[in-house]
Amino acid sequence: MPELPEVETVRRGLAPAMEGSTIVRAQVNRPDLRWPFPERMAERLTGAKVLQLRRRSKYILGDLDTGETLLIHLGMSGRMLVSGDPLGQFVHDHPAPEKHDHVVFDMDNGARITFNDPRRFGAMDLLPTATAELHPLLAQIGPEPLGNAFTESHLVEALKPRNTPVKSALLDQKIVAGLGNIYVCEALFRAGISPVRRTRNISAARIAALVPVIRQVLEEAIDAGGSSLKDFRQADGELGYFQHNFDVYGREGQPCRTTDCPSVIHRVVQSGRSSFYCPTCQK
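Residues numbered from 1 in each chain as written. Predicted model: local features only at pLDDT ≥ 70, side-chain atom pairs only at ≥ 80, totals over all residues. Heavy atoms only, no water.

Student: Quick question: what am I supposed to make of the sheet that holds strand β5 (residues 79-83) here?
Tutor: Across a sheet, paired strands are connected by hydrogen bonds in the backbone, their directions being either parallel or antiparallel. The antiparallel open sheet is built from four strands, whose spatial order is β1-β6-β7-β5. Both outer strands of the open sheet, β1 (23-28) and β5, are each paired with one neighbouring strand and no more. In this sheet, adjacent strand axes meet at a mean angle of 15 degrees when their direction is disregarded. Helix α1 (residues 4-18) rests against β5, β6 (101-107) and β7 (112-116) of the sheet, and its axis sits at about 35 degrees to β5. (Pairing = 2+ DSSP bridges. Helix = DSSP H or I, 4+ residues; strand = E, 2+ residues; numbered from the N terminus. Axes fitted to C-alpha atoms, helices over the stretch in contact; angles between N-to-C directions. Contact = heavy atoms within 4.5 Å.)

Student: What is the right way to look at the sheet that holds strand β2 (residues 50-56) in this model?
Tutor: Taken in spatial order, the four strands line up as β2-β3-β4-β8 in an open sheet, and their pairing is antiparallel. The open sheet terminates on both sides in strands that have one partner only, identified here as β2 and β8 (123-128). For this sheet, the mean inter-axis angle between neighbouring strands, taken without regard to orientation, is 20 degrees. Pairing between strand β3 (residues 59-64) and strand β4 (residues 68-73): four bridges, direction antiparallel. Among the inter-strand pairings, L61 is bridged to a residue of β4, identified as L71. Its contacts with the sheet place α1 against β2 and β3, and it is angled at close to 175 degrees to β2.

Student: Sorry, what's going on with unusual backbone geometry here?
Tutor: With glycine set apart, most residues show a phi of negative sign, and most peptide bonds adopt trans. Backbone geometry places S57, a non-glycine residue, at a positive phi of 55 degrees. One can find S57 in the loop between β2 and β3. Although it is not a glycine, S271 adopts a positive phi angle of roughly 50 degrees. Counting through the fold element by element, S271 comes out in the loop between β9 (266-270) and β10 (273-277).

Student: Explanation requested: the nonpolar core in the structure shown.
Tutor: If you look at soluble globular proteins, the nonpolar side chains tend to sit buried side by side. By size, the foremost hydrophobic cluster in this structure holds 31 residues, and its most contacted members are L155, L159, V166, L170, L210 and I214. Listed by contribution, the elements that provide at least two residues to this core are α3 (152-159), α4 (166-170), α5 (181-191) and α6 (204-223). In terms of residues, this core owes the most to one element, α6, which gives ten residues. Not counting chain neighbours up to four residues away, the residues in contact with I214 comprise P145, F150, L170, L179 and A187. (Core = buried A, V, L, I, M, F, W, Y, C linked by side-chain atoms within 4.5 Å. Buried < 20%, exposed > 50% of the residue type's maximum accessible area, 1.4 Å probe, protein only.)

Student: Where do I start with the packing of aromatic side chains in this structure?
Tutor: Describing an aromatic ring pair means giving the distance of the ring centres and the angle of the ring planes. One pass over the structure, following the stated rule, counts two aromatic pairs. Here the aromatic rings of F246 and Y249 are separated by 5.5 Å at their centres, their planes lie at 75 degrees, and the arrangement is edge-to-face. Judged by its relative accessible area of 5%, F246 is buried. Ring geometry for Y249 and F276: centres 5.1 Å apart, planes at 70 degrees, overall edge-to-face. Pair noted here: Y249 is in the loop between α6 and β9 and F276 is in strand β10, with a separation of 27 residues, a long-range link. Ring-pair connections join several aromatic residues into one group, and the members of that group are F246, Y249 and F276. (Phe/Tyr/Trp six-rings, centres within 6.5 Å; stacked < 30°, edge-to-face > 60°.)

Student: Quick question: what am I supposed to make of α6 here?
Tutor: Because each turn of an α-helix spans 3.6 residues, side chains separated by three or four positions end up pointing in the same direction. For α6, built from 20 residues, the straight-helix expectation of 28 Å at 1.5 Å per residue is met to within 8% by its first-to-last C-alpha distance of 30 Å. Listing the buried residues of α6 in full gives I207, A208, L210, V211, V213, I214, V217, L218, A221 and I222. In this structure, the buried side of α6 is in contact with α1, α3, α4 and α5. Among the residues trailing α6, G225 stands out with phi positive, at a value near 80 degrees. (Expected span 1.5 Å × (residues − 1).)

As far as function goes, none of this settles anything; it's purely spatial.
Structure below.
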């Protein structure tokens, strides 16, 4: 499942082709993805101008001049691909349609945006912009980890009263938005905290120190274009490459990268997900 850096990378790739441009033709090729598309979706999108693209957690939100917002979730295998961009940032020729091209937007600047999703776990919805944050998918989401509301005091207050593994707590979208398995593993390694340690047993100072570490990991991943695991591609079709910088994720049995550390990376299953960590460096 794409995490915050992958979704932010796609948003940044879509912005030059979509922001300030009008959807001259919206094509919806099936009635649903993860759930049914909204009624008359193609009709409601055709002729709408995209005012801005923003991200909330793992969702891309496109605010339209019609007073509606297009909500996009990539799911497990969804890709948003851009072709024909007149700015020359993407491949100029539109590719031949593919079987899993479920939604296509032709923009007035000549760009084409194609949502391709073989597994159909992605989603799109249209919601009133004025009340978008009240949508059931968005209403309970916590602060953005790269925003000003994600502070040391917020994280300490959210974690200290709990008695859950810190890995599980950081995956709770009510505590912090957009974090997933990969980047929580990487952040905990850099902070020297074991993923199985209970939050109430971690000092406030160590919890507070997680905030800049989480931001650093996410910013580095965004700069690298995300992590290309299985299906993820950027909006221009290129692969992200942050996976080459993983310290622990997916490295079970390999040597710890900390200088002079004798350990190898271990894996433990937590709530059905694999956590990777160094038993020597992380306590």
